[in-house]
Amino acid sequence: MGIPHVLAIPYPAQGHVIPMMELLRSFTKQGGYDTYDLNSRWTGPSEDRNDFVIALKAMFEVMPGKLEELIEKINETDDNKITCLVADENMGWAFKVAEKFGIKKVGFWPASTALLAANFNVPKLIQDEILNSDGKCDIPQIRGSRSGATCK
């Protein structure tokens, strides 16, 4: 196997791209990885990339197909096939594309681990009736607490 090729797909926002770039920089220090940018291809030239609704819609409608095209192009013309896809957890559609091509996949979470833990546990908190479906506490002891543990 030659140089590992990592295809990295951050969520296209500064707070996501910069941590991803730091991760990729650490990869290159480990002995050379090639990386590719998909975000520049996500909307048509006439569309306003600053319009959040257009951008979000394009992410789910346009980018999966563009990712497939890019992987096919790289893998047919390059001696070193893409070996791993690193995608922001907010870009979950990319993992389905990686599975289709048999590419290893890694989820990247640039926010705090506390937020990640909360995201994983909110459904259980609702199931256990600690939170209601509006995100408010249903336990009176917590709801009225002054310890900062309220769920307002």
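These numbers were taken from a predicted model, which means no experiment stands behind them. (Residues numbered from 1 in each chain as written. Predicted model: local features only at pLDDT ≥ 70, side-chain atom pairs only at ≥ 80, totals over all residues. Heavy atoms only, no water.)

## A look at the packing of helix α3 (residues 63–77) against helix α4 (residues 93–101)
Moving on, step 1. Their axes nearest at 10 Å, the elements α3 and α4 cross at an angle of 35 degrees. Crossing of α3 over α4 shows right-handed handedness. Residues Met-63, Pro-64, Leu-67, Glu-68, Ile-71 and Glu-72 of α3 form the contact with α4, whose own contacting residues are Trp-93, Ala-94, Val-97, Lys-100 and Phe-101.
Moving on, step 2. Taken together, the residues of the contact of α3 with α4 break down into eight nonpolar, no polar and three charged. (Axes fitted to C-alpha atoms, helices over the stretch in contact; angles between N-to-C directions. Helix = DSSP H or I, 4+ residues; strand = E, 2+ residues; numbered from the N terminus. Left-handed = near helix turned anticlockwise from the far one by under 90°. Contact = heavy atoms within 4.5 Å. Nonpolar A, V, L, I, M, F, W, Y, C, P; charged D, E, K, R; others polar.)

## Observations concerning α4
Moving on, step 1. When we look at burial in α4, the residues that qualify are Trp-93, Ala-94, Phe-95, Val-97 and Ala-98.
Moving on, step 2. The inward-facing, buried residues of α4 abut β1 (5–9), α2 (52–61), α3, β3 (82–88) and β4 (104–108).
Moving on, step 3. Positioned one or two residues after α4, Gly-102 has a phi angle of 70 degrees, which is positive. (Buried < 20%, exposed > 50% of the residue type's maximum accessible area, 1.4 Å probe, protein only.)

## Observations concerning the nonpolar core
Moving on, step 1. Ranked by size, the top nonpolar core spans 19 residues in total, and within it Leu-7, Ile-9, Leu-67 and Leu-85 carry the most contacts.
Moving on, step 2. Those elements giving two or more residues to this core turn out to be β1, α3, β3 and α4.
Moving on, step 3. Counting seven residues, the second largest nonpolar core, distinct from the first, contains Met-20, Leu-24, Cys-84 and Val-86. (Core = buried A, V, L, I, M, F, W, Y, C linked by side-chain atoms within 4.5 Å.)

## Comments concerning the confidence of the model for the chain
Moving on, step 1. For the chain, per-residue confidence averages 77 on the pLDDT scale, and residues scoring 70 or more make up 74% of the total.
Moving on, step 2. Low pLDDT, under 50, characterises residues 145–152; the stretch is placed with nine contacts to residues that sit more than four places away or in other chains. (pLDDT = per-residue confidence, 0-100.)

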